[in-house]
Every structure is written in C-alpha cells, then in structure tokens.
Amino acid sequence: MKDTVAYRYALALYDLAKETNKIDIWQEQMRLVKKVFVKDRSLKTFFDNHQISKEDKKNILKKAFVNDVDKEVLNFMCLLVDRYRLNHISDIASAFNTLCNEGKNIIEGLVYSTYELSDEDITKVEEVVGAKLSQKVELHNVIDERLIKGIKVVVNDMVIDDSMRYKLNSLRDELLKETR
C-alpha cells in the first residue's frame, strides 16, 4: 500500500495533521468525507466529468463541506481536484485513517456480518476483541451474506468466527471424521 497514490496523499495530510496537532479532528472529518462519497456514487461521476471546470468542482466541494471540515482539509480536497485525484478520496481517507490509528497504537480489523452492524454493536465487538488482545481495536464492518448468521472478526493474524457457516462447516467436518 505504501507506494500507492492514495497512501502518498494520505501521508502528506497526516504529516500536516501532526504538525498542526489536528489528528483526531481531521480523522473524524475524513471519515465523514469518505462516508459522503461512498454513500452518493453520483459524486464520483460529477467529479470525474472533465467537462465540468475545476473551479466549479471546487465550489461544489466548498459549499458541501464548508461547515463540516477544517479549511486545511477543504484545501486538501481542492488540491485533489486540481491534480485529478479526487476519484481516490475514499482510498485516501482509508489510508489516512490507518496512519492516524497506527500513530495512536490502534490496530484495525474487519468484522464480517450478514447485515450492517450499528455503531453500538461494532463498539461492543471492539471492546471484547480489544480486551482479548490487550490493545485498542478499530473494526470496519463488511457485509458477507455467506455467513448465514453471526459474525466473523479478523484482526492481524487472529480470526474469531462465530458465524453459522463456520459452525455448520465444523459440524460437517466432525461428522465426516466419525464416519471414517
């Protein structure tokens, strides 16, 4: 990941966040930016359209985010427009989040579920996994309907699988052992 366009821009933003002592604030703001761009796919089409001027795109960004992000974050997004890199905003935001978490000694992982978990549910799972690892954990929810029911958590090399699919596979394997 460290050689990607997204990582280089995220690292530049992270360095500036450290310099200005705004890591926590900008981390939340970049999460919001990512959420907006992921939720509204038409934004990608709009910002990828080369018939729309850079100035118009920057004006839309300013109107949309002026009350939600710091001036520096907004300037960063405008720089991405100037360099035709705003299409990488979700990846940049993810890489920035990872850099912030690494700086705070927070490990990231995934929690797979058959439906989108609420923030409260994710927080509960983070607390349980964090207690098990003796470290703060941040989990990102991934929908996987193949699980049938339950969740699966992956953090570094550790996998906690409490899904119905895993239980059924384990039962099948156990039954097959007994028949041999």
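Placed above this text is the structure.
The model shown is predicted, which means the values in this text are computed figures rather than measured ones. (Residues numbered from 1 in each chain as written. Predicted model: local features only at pLDDT ≥ 70, side-chain atom pairs only at ≥ 80, totals over all residues. Heavy atoms only, no water.)

One recurring pattern in soluble globular proteins is that nonpolar side chains are buried together. Counting residues in each nonpolar core, the largest one holds 32 residues, and the members touching the most others are Met-30, Phe-37, Leu-61 and Phe-96. For this core, the secondary-structure elements that each account for two or more residues are α1 (5-19), α2 (23-39), α3 (42-48), α4 (54-65), α5 (71-82) and α6 (89-103). Ranked by residue count, the leading element in this core is α1, at eight residues. If we skip the residues at most four places from it in the chain, Met-30 touches Leu-13, Val-73, Phe-76, Ile-89, Ile-92, Ala-93 and Phe-96. Membership of the second largest hydrophobic core comes to eleven residues, among which are Leu-117, Ile-122, Val-125 and Val-153. (Core = buried A, V, L, I, M, F, W, Y, C linked by side-chain atoms within 4.5 Å. Buried < 20%, exposed > 50% of the residue type's maximum accessible area, 1.4 Å probe, protein only. Helix = DSSP H or I, 4+ residues; strand = E, 2+ residues; numbered from the N terminus. Contact = heavy atoms within 4.5 Å.)

Let's shift gears to the sheet that holds strand β4 (residues 158-163). Taken together, four strands build an open sheet; the order of strands is β2-β1-β3-β4 and the sheet is mixed. On the outer flanks of this sheet lie β2 (137-143) and β4, each paired with one strand and no other. Strand-to-strand twist in this sheet, taken as the mean axis angle between neighbours without regard to direction, amounts to 20°. Across seven bridges, the pairing between strand β1 (residues 107-113) and β2 is parallel. Pairing of Glu-108 across the sheet is with Glu-138, part of β2. Packing of helix α7 (residues 119-133) onto the sheet brings it into contact with β1, β2, β3 (150-155) and β4, and relative to β2 it is tilted by some 130°. (Pairing = 2+ DSSP bridges. Axes fitted to C-alpha atoms, helices over the stretch in contact; angles between N-to-C directions.)

Moving on to the packing of α1 against α2. Each packed pair of helices is defined by two parameters, the angle between the axes and the distance between the axes. Contact pair α1 / α2: the axes reach a minimum separation of 8 Å and the direction vectors enclose 140°. Judged on the interaxial angle alone, α2 and α1 are oblique. Across from Leu-13, Tyr-14, Leu-16, Ala-17 and Lys-18 in α1, the residues of α2 making contact are Ile-23, Trp-26 and Met-30. Here the residues of the contact of α1 with α2 sort into seven nonpolar, no polar and one charged. (Parallel < 35°, antiparallel > 145°, perpendicular 65-115°, else oblique. Nonpolar A, V, L, I, M, F, W, Y, C, P; charged D, E, K, R; others polar.)

These values are about where atoms sit, not about what they do.
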